[in-house]
Each structure stands twice: as structure tokens, then as C-alpha cells.
Amino acid sequence: MKRFFLMGILVAVILSAAAQKDYVPAKENLAYRQQFQDNKLGVFIHWGIYSMLADGEWAMLQKKIPYEEYSKLAAGFNPSKFDAEAWVAALKAGGAKYICITSRHHDGFSMFGTKSSGYNIVDATPFKRDVLKELAAACHKQGMKLHFYYSLLDWGRPDYNPKGGSLAAKWTGQGQPDYNTYHQFMLKQLRELLTNYGEIGAIWFDGAWDKGKVFDWKFDELYTLIHSLQPACLVINNHHWAALAGEDAQAFERDLPGQNTAGFSHGVEVSALPLETCETMNTSWGYKITDNKYKSEKTLIQYLVKAAGNNANLLMNVGPRPDGTLPEIAVQRFEAMGKWLQQYGETIYGTRGGLVAAQKWGVTTQKNNRLFVHILDLQDTKLLLPLTGKKIRSARVFIDKKPVKFVQQKDGVLLLLEKQPDETDYVVELVLR
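Here the residue index of a chain counts from 1 through its sequence in written order. The predicted origin of the model limits local features to residues at a pLDDT of at least 70 and limits the giving and counting of side-chain atom pairs to 80 or more, whereas totals for whole chains, interfaces and linings rest on all residues. Side-chain calculation: all heavy atoms of the structure are included, whereas hydrogens and water are not.

S.K.: I'm lost on the overall build of the chain in this one. Help?
M.R.: Within the chain one finds ten helices and 16 strands. The globule rule is 2.2 Å times the number of residues to the power 0.38, and the radius of gyration it is compared with is taken over C-alpha atoms. A compact globule built from 433 residues would reach a C-alpha radius of gyration of about 22 Å, and the chain, at 23 Å, matches this within 12%. Based on the C-alpha atoms only, the size of the chain along its principal axes is roughly 75 × 60 × 40 Å. Relative accessibility thresholds used throughout: buried, under 20% of the residue-type maximum; exposed, over 50%; partly exposed, between the two (1.4 Å probe, protein chains only). The proportion of buried residues among the 433 residues of the chain is 55%. Should any heavy atoms of two residues lie within 4.5 Å, those residues are considered in contact. Taking contacts inside the chain between residues at least 6 apart in sequence as the whole, the part at least 24 apart equals 71%. Exposure was quantified through the Shrake-Rupley algorithm and a 1.4 Å probe, taking into account, for residues, occlusion by the shown protein chains and nothing else. When the accessible surface of the chain is summed, it comes to about 18800 Å², and 52% of that surface belongs to carbon and sulfur atoms. Put simply, the chain has 51 plus and 45 minus side-chain charges, and the middle of one group is 4 Å from the middle of the other. Comment: elements are numbered from the N terminus, with helices defined as DSSP H or I runs of at least four residues and strands as E runs of at least two. All tallies of charge rest on Lys and Arg as positive and Asp and Glu as negative; His and the ends of each chain are not included. Taken as the charge centre is NZ of Lys, CZ of Arg, CG of Asp or CD of Glu, depending on the residue.

S.K.: Even after reading the chapter, I still don't get the sheet that holds strand β5 (residues 234-238), so can you show me in this structure?
M.R.: The rule for pairing is simple: two strands pair if DSSP sees at least two bridges between them. As summarised here, the arrangement of the eight strands in space is β5-β4-β3-β2-β1-β8-β7-β6, forming an open sheet in which the pairing is parallel. Whereas interior strands pair on both sides, the edge strands pair on one side only; in this sheet they are β5 and β6 (250-253). Pairwise comparison of adjacent strand axes, ignoring direction, gives a mean angle of 25 degrees for this sheet. Of the strand pairs in this sheet, β6 and strand β7 (residues 275-280) are connected by four bridges, and their pairing is parallel. Within the sheet, the bridge partner assigned to Glu253 lies in β7 and is Cys278. Each of β2 (98-104) and β3 (145-151) touches helix α6 (residues 131-142); the most contacted strand, β2, lies at about 170 degrees to it. Only the stretch in contact is used when a helix axis is fitted, and all axes are lines through C-alpha atoms; the angle between N-to-C directions ranges over 0 to 180 degrees.

S.K.: In this structure, what is going on with the packing of aromatic side chains? I would like to understand it.
M.R.: Pairs of aromatic rings are described using the distance from one ring centre to the other and the angle between the two planes. Stacked, edge-to-face and tilted labels apply to pairs of Phe, Tyr and Trp rings (six-membered ring for Trp) whose centres lie within 6.5 Å, assigned for plane angles under 30 degrees, over 60, and everything in between, in that order. Inspection of the entire model under this criterion finds 30 aromatic pairs. Here Phe112 and Tyr197 contribute two aromatic rings whose centre-to-centre distance is 6.2 Å and whose plane-to-plane angle is 85 degrees, an arrangement assigned as edge-to-face. Here Phe112, found in the loop between β2 and α6, pairs with Tyr197, found in the loop between α7 (179-195) and β4 (202-206); they are 85 residues apart in sequence, far enough to count as distant. Here the two residues Phe112 and Tyr197 agree in accessibility, since each one is buried. Following the ring pairs from residue to residue traces out a cluster consisting of Tyr150, Tyr160, Tyr179, Tyr182, Phe185, Phe205, Phe215, Trp217, Phe219 and Tyr223. Whether a charge sits over a ring depends on NZ of Lys or CZ of Arg being within 6 Å of the ring centre and within 35 degrees of the ring normal. Lying across the ring of Tyr197, Lys133 places its NZ or CZ 4.6 Å from the centre. We note Lys211 situated over the ring of Tyr160; from NZ or CZ to the ring centre the distance is 4.5 Å.

S.K.: Please clarify how helix α5 (residues 84-93) should be interpreted in this entry.
M.R.: Each α-helix winds once per 3.6 residues, and so residues spaced three or four apart point in a common direction. Taken as a whole, α5 has its buried residues at Ala84, Trp87, Val88 and Leu91. Each buried residue of α5 sits inside an arc of 90 degrees when the element is viewed along its axis, so together they form one side. On its buried side, α5 packs onto β1 (41-45), β2, α6 and α10 (328-344). Pairs of N or O atoms within 3.5 Å make up the polar contacts considered here, provided that, within protein, one atom can donate a hydrogen while the other can accept it, and that residues adjacent in sequence are counted only when both atoms are side-chain atoms. The N-cap residue of α5 is Asp83: its side-chain oxygen and the backbone nitrogen of Glu85 are 3.1 Å apart. Once α5 finishes, Gly95 follows within two positions and takes phi at roughly 90 degrees, a positive value. The reported arc concerns the directions from the helix axis to the C-beta atoms and nothing else.

S.K.: Honestly, the sheet that holds strand β12 (residues 382-385) in this entry has me stumped. Any pointers?
M.R.: Sheet strands associate in pairs through backbone hydrogen bonding, adopting either a parallel or an antiparallel arrangement. Strand order in this open sheet of three strands is β12-β15-β14, and the pairing throughout is antiparallel. Each edge of the sheet is formed by a strand with only one pairing partner; in this case those strands are β12 and β14 (405-409). Across the sheet, the mean angle from the axis of one strand to that of its neighbour is 20 degrees, orientation sign disregarded. Of the strand pairs in this sheet, β12 and strand β15 (residues 412-416) are connected by four bridges, and their pairing is antiparallel. For Lys382, the partnering residue across the bridge sits in β15 and is Leu416.

S.K.: What am I meant to see in unusual backbone geometry here?
M.R.: Apart from glycine, the bulk of residues carry a negative phi angle, and the bulk of peptide bonds sit in the trans form. You will see that Lys218, though not glycine, has its phi angle at about 60 degrees, which is positive. Within the element layout of this structure, Lys218 appears in the loop between β4 and α8 (219-229).

S.K.: Honestly, the pattern of salt bridges in this entry has me stumped. Any pointers?
M.R.: Working definition: two side chains of opposite charge can pair if their charged atoms are close together. Salt bridges are defined as contacts in which a side-chain nitrogen from Lys or Arg sits within 4 Å of a carboxyl oxygen from Asp or Glu. Overall, the coordinates contain 18 salt bridges when judged by the stated rule. A salt bridge links Glu134 to Arg129; the shortest N-O distance between them is 2.8 Å. Its relative accessible area of 25% is what places Glu134 among the partly exposed residues. Take Arg129: its relative accessible area is 31%, and that puts it in the partly exposed class.

S.K.: Hey, could you run me through the environment of Ala251 in this one?
M.R.: Summarising the element assignment, Ala251 is placed in strand β6. Taking the C-alpha atoms as reference points, Ala251 and Ser265, 14 residues apart in sequence, are found 9.9 Å from one another. In this view, Ala251 contacts Trp204, Ile236, Asn237, Asn238 and Glu276; residues no more than four positions away in its chain are not counted.

S.K.: Is there a simple way to explain helix α2 (residues 27-39) in this structure?
M.R.: Helices are assigned an expected span. That span is 1.5 Å times one less than the residue count. With 13 residues, α2 should reach 18 Å at 1.5 Å per residue; the first-to-last C-alpha distance of 18 Å fits that figure. Among the residues of α2, those classed as buried are Asn29, Tyr32, Arg33, Phe36, Gln37 and Asn39. The buried side chains of α2 occupy one side of the element, clustering within an arc of 155 degrees when seen end-on. Following α2 by one or two positions, Lys40 adopts a phi angle in the positive range, close to 65 degrees.

What follows is the structure, given as C-alpha cells:
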């Protein structure tokens, strides 16, 4: 028992040392945290040379393709149909307020014109265009916030994994490779991303789970660089641990905060930071030609509502094709979400999780003294809300403003509905005294 206790202390010391020391968020950072929470819906974009294999973003590892062979895909990557303006317009019509795109995924290929490595979309492909620069321009023009996903691991660089292996590139430098050179490489790339692409809303890290908590990732230097270059920029790290000092929002993968159905969030404490849950529209992050298991419009809308009710944003993913187009079915799903938000956006955008915690029947969201009751699955015409100690001034159906009868009881407020709800989301608006 003593041994495990000491190990726990060691882990805590390492993590605290690795996080940004004495971090105090700038006023610009606090302002964007609030805007970020208000935005509620973002679009995740996983796109790279792996899309050419049409088998997801982990194809290099899962198919055990040696780096020397996999990297040759770059010579044929030519997304001639990529149109940043069209992307942003379509996703904006889908109700999204921000985009988070993979600047560099685990395969090590950079989707921007980096000077830190020739293995990038400008120097290594016939396309020769910086898609991140074009996307940044389109986002800034159309009022869409832009976030950059950035992988902390790399299957191709031996200085990330000194032992190399069948996937890693062969070391050609002087001396023994180590993590320090890789860390300097990341610092250079992050500096490029935060100085060459205008205002960036967040850096979204992924991959820390690869080496785990006890590894010194030198987060202090990474986080400090980001906040010094762009004080408003949020640091989000999808490490599947409790939030660390220097982080500005907490990420949850394929799960709502406090849940662990996907197995990534076991024992993870939900922090007071802004929250975000990322999820796939089908089952894959990167483009997979055989993956037609797209979630229904109802499922996607209800997941957005559940995220808002759990005080979190939803970052919904789409994997573009290798030619630079978005799958039509994904665009259709976003269109459906956008149309729904045109009617019900008032109950989602700018809200926080409501007074009533998530229940089997649905969730609540709130703006000041307005409580929105989102009924997603109720097999009854009565609904008891445990609002003890609260008085209700009025209740009405949000969409048509029809009054809803209610009874104030000792154990809460009983809503008496005219019918059993069968809509995707039946919203009742309560005004609290």
C-alpha cells in the first residue's frame, strides 16, 4: 500500500512540474473562454495524407506500413477540389461557430507550410498550397473561429521514439536522438502556427496518453510559448487526465463530461474550466470509404443538446476526402443541425448547464432566469423537476409560446403537458422569479 501511495505522490509531482507554473490567464483569455462556452458547436476536421488510403487516420499504425513507404503518399497528395471558402460557408450554415483542424497528426505529416520539416503539404506534395493559411483567411473573413489540433506523438520521427522500430524513420543526425530535439521541433512548429495564421482560438493537443503521466512532456514550455504569443489562445489537451495548470478548457473524447462509456475518462474529475466533448459523425475520425454508419439527424441534434445540458461544447467531426471535398452525407447532417439551430439556437447558444442535472428524459440549459427544459425521451405527459426552493413565474412551449400548466410542489415543479412529447427535442421555457 505504501508503495502505491508513494507512486501516486511521484506522479502528482511530475505532473505539477510539467504543467505551466503559476499560470494566471490573461483578460483576453478569460474573455475567449466565455465566448468559447457561448459558441457551443464546433467542427473537428481530421485530414491528411492518410485520407488517400481511405481507411481512417490510424492507417499507418494499424496496417503496419513502414514510414519510408507511407511517406511516399505525400508525392501523390493533390486535393485539387479543396475550397476553404466553401468549407467554412457550409459548416457555418450547419450552426458551427468554430473549426478545429489537424495541423499535424500522429503520422507526422504537416498540413501547413512549416519551415521546421520538409514533410509538409507545401514542400512534399504536388498541391504546393498551404491549406491552413487558406482556411484561416476564410475563417477570419466569415467570422468563424479557428483552432489547431496538434499531435504530441509522431510515428515517423525517431527522436520522439529513440528505439525506432518498423514505423519510425531512420535517424540520420549526429549522436543519439532524444525527446529534447523533438520537443524543440514542436516549439518551432507551434511558433509558426501562432505567428503566421492570424488569431487562433485554441491549440488542441492529442497523444499524451502515448507515453503517459509519468513522462516529462515539458508542457510548461509548450503552454508558456502559446500564452506568450497569443494570450487569448486556449490550451486544450486531450490527455484523458484531470486538467493541468496552464490549460484553459477540458476535453472529453467520445463522452459527455462525467461519463466513461468509451473508456477514456475513467476516474477523470470534471473541472470548472470550459468543457468540450468531441465525437465522430460516423465511427471514424479520418476519411474511411467503407464507414457508412452515420448517426441520424436526431441522434446528432440530441447529442448537441445533451452536451449543452452538461455544460459542454460539442466538437463534431468530419473527415474530408483526399480530393479536398466534404462527404455529402456529412454536409447534409450539418445542414439539418443548422436548420434546427435556426429555430432552437436561443436555447443552446450562450447557455450554461441548467439547474436540473441531466436525467433520463433529457437535460436543462439556462440563461440568467430563463430555464430551458429539453425533453428528449419522456413516456408521460407529466414531468417533475426537482427545483426545490425555486419559484416559477411562467412556463411555455418554446417553439409556439403556448402556456404550459405547472404545479409548485414541496419537492419541485410538476409540468402538466398537453401531450406526450415525440419531437427530437420538446423544449419548455421556464422563467424563474
